[in-house]
Amino acid sequence: MDHDHVISTRELSRAAIERVLDRAAEIAADPGAVADRHADRVLGLCFFEPSTRTRMSFEAAIKRLGGDAIDMGGVDSSSVTKGESLADTVRVLSGYADALVLRHPSEGAARMASEFVSVPLINAGDGAGQHPSQTLLDLYSMREFAGGLDGLTVGIMGDLKYGRTVHSLAAALTEFDARQHFVSPESLRLPRGVRYDLHESGARVREHESLEGVLGELDVLYVTRIQRERFPDENEYRKVAGEYRIDAATLEDARAECVVLHPLPRVDEIAPDVDDTPHAAYFEQAHNGVPVRMALLDLLFDGANGGNGEQSPIGSAGGGRDR
Ligand code: CP
C-alpha cells in the first residue's frame, strides 16, 4: 500500500493510538505552535451522509493547521446524481486534495474507496461499520476525564448493532487493559462479527439488557443514539426507541467519578437534566474532535512526507496491529 489510510480501529495499535492522543494533547496545550504547520495542504471532504461534528471539526482542524478544505457538498449537488461511481469520485478528488475524509452509508465503502486514491483516506463512518476518528476523540476524552485508559471499566449502551462508533470503540479498547460492559436490548446486541473479534482478542466483556446492576461499577458510561436511519423496518425502531434513556435520577446510582460520554447527536437517550450534573462530558468530548483531528492530520501528512524515512505512523500502512 502506497499510503496510510485510517479505515478501522481494528488496524490501530496501542502505539499508534497513543501517538495521536499524545500529539493531540500537545496541540491542545499550544495550538499556536502548529498554526502554519500545513499551510500548503488541502483536505477533501466527501460526505455521502449528513454530518455536523465530523465534517466541521475536520474543516476546523485543517484550517487551524494553516491549510484549507474543499467540500464535495451534498450528494444532490455533486455528479453522484448523474450516476458517477464512488470509485471514480474519490479517484478524481484525490487529485485535488492531500487527504480525503469519506462518509458513506455502505459498510466497507471506505476500504473499497481507499483502493482508488493516491492520498491518505480517513473513514468518517461507513454505514454501520466503523468511525475511527470518533474513537480517537472518545479515547482522548476518556483519558482526559477518567485519568487514563488502562484499568477503566466502560459501559457502552444503546444501539450496539448499528452503532459504528461502538464497533470502533470496542475494538480500540482491546488494546488497553479495560473491561467493557455492553447494555442493549437483545435485538440491538453487538453484531456476531464484532463479538467474535472481541473474543479473539481476549477482551474482558459482558453483555446486559439493563444498566441496573452494572452502573455502579462504571468509570465511563458511553451512551449512543438508536440509529433510526439504519432500521429496515420502522416498527422495529419503534419497539426499542426510548427504552435506553438516562436522566439525572438514573445517575444517582453511578459512582461520583463516572463520566458520561456520547458521540452525539443525541435524540432523547440522555435527558437534558444530565447536562447539569458533574457526570456530563459529552460537549467537551465533541470539542476534543478538533485537536484530535489536527493531530491525526498532522501525523498523516508527516507520514505522507516520508516521515524522515520511517514508516508512516498511523493506520493500515504504518500503525497497524502486529497480529
Ligand atoms: N459523532 C458524529 O459522527 O457526529 P456527526 O454525525 O454530526 O458527524
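Residues numbered from 1 in each chain as written. Predicted model: local features only at pLDDT ≥ 70, side-chain atom pairs only at ≥ 80, totals over all residues. Heavy atoms only, no water.

*Asks:* When you look at the sheet that holds strand E2 (residues 68-71) in this model, what are you seeing that I'm missing?
*Replies:* In a beta sheet, neighbouring strands are held together by backbone hydrogen bonds and run either parallel or antiparallel to one another. Across the sheet, which stays open at both edges, the 4 strands sit in the order E2-E1-E3-E4 with parallel pairing between neighbours. Only two strands of the sheet have a single partner each, and these edge strands are E2 and strand E4 (121-126). Strand-to-strand twist across the sheet, computed as the mean angle between neighbouring axes with direction ignored, equals 15 degrees. Pairing of strand E1 (residues 42-47) with E2 involves 4 bridges; the strand directions are parallel. When the bridges of E2 are listed, Leu43 appears paired with Ala69. (Pairing = 2+ DSSP bridges. Helix = DSSP H or I, 4+ residues; strand = E, 2+ residues; numbered from the N terminus. Axes fitted to C-alpha atoms, helices over the stretch in contact; angles between N-to-C directions.)

*Asks:* For this particular structure, what's the right way to read the site of the ligand?
*Replies:* For the ligand, the full set of nearby residues is Ser51, Thr52, Arg53, Thr54, Arg103, His131, Gln134, Pro263 and Leu264. At 2.6 Å from an oxygen atom of the ligand is found a side-chain nitrogen or oxygen belonging to Ser51. Measuring from an oxygen atom of the ligand, one finds a backbone N or O atom of Arg53 at 2.9 Å. For the ligand, the accessible surface in isolation is 250 Å², of which the surrounding protein chains cover 91%. Here the ligand occupies the second largest pocket. (Near = heavy atom within 4 Å. Polar contact = N/O pair within 3.5 Å; in protein donor to acceptor, adjacent residues only side chain to side chain. Areas by Shrake-Rupley, 256 points an atom, 1.4 Å probe, with all protein chains shown as cover. 1 Å grid on protein atoms, 1.4 Å probe; cavity = no way out; pocket = protein on both sides within 12 Å on 5 of 7 lines; lining within 4 Å. Sits in = over half its atoms within 2 Å of the grid points.)

*Asks:* Teacher, can you tell me more about the environment of Gln285 here?
*Replies:* Inspection of the secondary structure puts Gln285 in helix H9 (residues 282-287). Linking Gln285 and Asp138, residues 147 residues apart in sequence, is a C-alpha distance of 6.8 Å. Of note is the side chain of Gln285, whose polar atom sits 2.8 Å from the backbone nitrogen of His262.

*Asks:* Explanation requested: the nonpolar core in the structure shown.
*Replies:* The tendency in soluble globular proteins is for nonpolar side chains to be buried as a group. Core analysis: the biggest nonpolar cluster contains 56 residues, and Leu139, Met142, Ile156, Leu296 and Leu297 have the highest contact counts within it. Looking at this core element by element, the count peaks at 9 residues for helix H10 (residues 289-304). For Leu297, the contacting residues outside a window of four places in its chain are Leu43, Phe58, Ala61, Ile62, Leu65 and Ile122. (Core = buried A, V, L, I, M, F, W, Y, C linked by side-chain atoms within 4.5 Å. Buried < 20%, exposed > 50% of the residue type's maximum accessible area, 1.4 Å probe, protein only. Contact = heavy atoms within 4.5 Å.)

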